[in-house]
Amino acid sequence: MIKENGKEKFIDELKKSGGIIFVACGNAGISRATYYRWLKSDKEFAEQCEEVIEAQIDHVESKLMALINAGDNTSTIFYLKTRGKKRGWSEKVPQEVQQTTPTAIPIATPVVEEKSTDFARKVKSKKNYIVKLLKGQGKYTAELSMQVNITAQLLVRTESLADEILSEGHNVEEVELSREGHTRKSISPKEKLYLDFVQQSQRALRALGMNTDSKERKADNDVFGDFINQFKND
């Protein structure tokens, strides 16, 4: 039964955390070991968890499609490299090409590889900095490794989107024309995605206890803004 032993509470917390197991375990008051034990012994519980995680993936995919529809080239290339591999959108050179062409050239462009390497470098830098801060506060444990990595990725994505929406030529609003000829304004998908990343980053920082040391507690947005500014010169 899902209700027994706090399983129902864990499912609720998993939904609230956006599918982040570490956060859900902490909020439900259980260990990761307990979660994995339930996962193996309770088929209904495992199915419920899978549904929550799949729903989160659907949510993120909808955000990705919104960026693609907004003309974001990086998102378009990422989609093709993951969902269009069978059509040749991959950095890996097919085996038959390697055998017949000694100097085979990867299909993906160097620009894509450069961006991927730059993203990984930024994530590693932020991850190291977060670990350093947590160790300095006596809060870091090995169990936090995955959450630290997730937080670092969120911060890098948030900064990247912030740079794009603050760049010259970016339109905050989109204007649509109805069949009747009426215009309707709405916030651009990229702006919505940025706000979503800001909220997710704030939750991730709270999960790490990064904003609980101040004697006079700041608003979440102020804390998040201060934390982001520390990384600007990385």
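Look above for the structure.
The structure reproduced in this document is the subject of the present report. The structure presented is a predicted model; accordingly, all values stated were derived computationally and were not measured.

### Regarding the environment of Leu-161
Alright, step 1. Mapped onto the secondary structure, Leu-161 falls in helix H8 (residues 145–165).
Alright, step 2. Remark: the alpha-carbon pair of Leu-161 and Leu-195, spanning 34 residues in sequence, is separated by 9.5 Å.

### Examining the environment of Tyr-194
Alright, step 1. For Tyr-194, the position within the fold is in helix H9 (residues 189–207).
Alright, step 2. Sequence separation between Tyr-194 and Glu-164 is 30 residues; the distance between their C-alpha atoms is 9.7 Å.
Alright, step 3. When neighbours within four sequence positions are excluded, Tyr-194 is seen to be in contact with Thr-158, Leu-161, Ala-162 and Ile-165.

### Let's talk about the nonpolar core
Alright, step 1. Judged by nonpolar contacts, the single largest core of 15 residues is most densely connected at Ile-130, Leu-134, Leu-144, Val-148, Leu-208 and Met-210.
Alright, step 2. Of all elements in the fold, only helix H2 (21–28), helix H7 (110–136) and H8 reach the threshold of two or more residues within this core.
Alright, step 3. Non-local contacts of Val-148, meaning those with residues more than four positions away in its chain, are made with Lys-127, Ile-130, Val-131, Leu-134, Tyr-140 and Leu-208.
Alright, step 4. Residues Leu-14, Ala-28, Ile-30 and Tyr-35 belong to the second largest nonpolar core, which totals 13 residues.

### Details of the packing of H8 against H9
Alright, step 1. Between H8 and H9, whose axes approach to 9 Å, the crossing angle comes to 150°. Considering the angle they form, H8 stands roughly antiparallel to H9. Crossing of H8 over H9 shows left-handed handedness. Residues Gln-147, Thr-151, Leu-154, Leu-155, Arg-157, Thr-158, Leu-161, Ala-162, Glu-164 and Ile-165 of H8 touch H9, and the partners they reach there are Lys-190, Glu-191, Leu-193, Tyr-194, Phe-197, Val-198, Gln-200, Ser-201, Ala-204, Leu-205 and Ala-207.
Alright, step 2. Of the residues assigned to the contact of H8 with H9, the class counts are 12 nonpolar, five polar and four charged.

### What about the state of the cysteines?
Alright, step 1. By the definition in use, this model includes zero disulfides.
Alright, step 2. Free of any disulfide, Cys-25 has its nearest neighbouring cysteine sulfur in Cys-49, separated by 9.1 Å.
Alright, step 3. On the basis of relative accessible area, Cys-25 is assigned to the buried category, the value being 2%.
Alright, step 4. For Cys-49, a relative accessible area of 1% translates into the label buried.

### Here's the deal with helix H4 (residues 43–69)
Alright, step 1. Taking 1.5 Å per residue, 27 residues should reach 39 Å; H4 reaches 39 Å between its end C-alpha atoms and fits that length.
Alright, step 2. All of the buried residues in H4 are Phe-45, Cys-49, Val-52, Leu-64, Leu-67 and Ile-68.
Alright, step 3. As for H4, its buried residues are in contact with helix H1 (7–16), helix H3 (32–41), helix H5 (73–83), H8 and H9.
Alright, step 4. Residue Asp-42 occupies the N-cap position of H4, its side-chain oxygen lying 3.1 Å from the main-chain nitrogen of Glu-44.
Alright, step 5. One or two positions beyond H4, positive phi appears at Gly-71, with a value near 90°.

### Things to note about a negative patch on the surface
Alright, step 1. A contiguous patch of negative charge, built from Glu-44, Glu-47, Glu-50, Glu-51, Glu-54 and Asp-58, is present on the exposed surface.
Alright, step 2. Structurally, Glu-54 is set in helix H4.
Alright, step 3. With relative accessibility at 35%, the residue Glu-54 sits in the partly exposed group.

### A closer look at the pattern of salt bridges
Alright, step 1. Under the criterion given, the structure shown has six salt bridges.
Alright, step 2. Residues Glu-13 and Lys-16 are paired through a salt bridge, measuring 4.0 Å at the closest nitrogen-oxygen approach. Residue Glu-13 and its partner Lys-16 are located together in helix H1, separated by three residues, close to a single helical turn.
Alright, step 3. Judged by relative accessible area, which is 9%, Glu-13 ranks as buried.
Alright, step 4. A relative accessible area of 60% places Lys-16 in the exposed class.
Alright, step 5. With a shortest N-O distance of 3.0 Å, Asp-118 and Arg-121 are connected by a salt bridge. Taken as a pair, Asp-118 and Arg-121 lie in helix H7 at a separation of three residues, close to a single helical turn.
Alright, step 6. Given the relative accessible area of 29%, Asp-118 is considered partly exposed.
Alright, step 7. Residue classification places Arg-121 among the partly exposed residues on the basis of a relative accessible area of 45%.
Alright, step 8. Overlapping salt bridges bring together Lys-9, Glu-13 and Lys-16 as one network.

Rules behind the numbers
Going along each chain's sequence as written, the residues are numbered from 1 onward. Residue-level local features of this predicted model are given only where pLDDT is at least 70; pairs of side-chain atoms are given and counted only at 80 or more, and the full residue set underlies all totals for whole chains, interfaces and linings. Neither water nor hydrogens contribute to the side-chain values; these are computed over all heavy atoms in the structure. Counting from the N terminus, the helices are DSSP H or I runs at least four residues long and the strands are E runs at least two residues long. When checking whether two residues touch, look at their non-hydrogen atoms; a contact exists if any pair is within 4.5 Å. By nonpolar core is meant a set of buried Ala, Val, Leu, Ile, Met, Phe, Trp, Tyr and Cys residues that side-chain atoms within 4.5 Å join together. Residue exposure (1.4 Å probe, protein chains only): buried if accessible area is under 20% of the type maximum, exposed if over 50%, otherwise partly exposed. Throughout, an axis means a line fitted to C-alpha atoms (over the contacting stretch in the case of helices), and angles, computed between N-to-C directions, take values from 0 to 180 degrees. Oblique is the label for every angle not falling under 35 degrees (roughly parallel), over 145 degrees (roughly antiparallel), or within 65 to 115 degrees (roughly perpendicular). By definition, any crossing whose near helix is turned counterclockwise from its far helix by less than a right angle is left-handed, and any crossing with a clockwise turn is right-handed. Each residue gets one label: Ala, Val, Leu, Ile, Met, Phe, Trp, Tyr, Cys and Pro are nonpolar, Asp, Glu, Lys and Arg are charged, and the others, such as Gly, are polar. Only a pair of cysteine sulfur atoms within 2.5 Å qualifies as a disulfide here. A helix is expected to span 1.5 Å for every residue after the first. Between N or O atoms, a polar contact is any pair within 3.5 Å; within protein, one atom must be a potential hydrogen donor and the other a potential acceptor, and residues adjacent in sequence are included only when both atoms are from side chains. Residues forming no salt bridge and having over 30% relative accessible area are the ones grouped into patches, like charges within 9 Å of each other and nonpolar side chains (Val, Leu, Ile, Met, Phe, Trp, Tyr) within 5 Å. Note on areas: Shrake-Rupley with a 1.4 Å probe; residue coverage comes only from the protein chains shown. By convention in these notes, a salt bridge is any Lys or Arg side-chain nitrogen within 4 Å of a carboxyl oxygen on Asp or Glu. Here the positive residues are Lys and Arg and the negative ones are Asp and Glu; neither His nor the chain ends is included. Positions of charges follow a simple convention, taking NZ of Lys, CZ of Arg, CG of Asp or CD of Glu.

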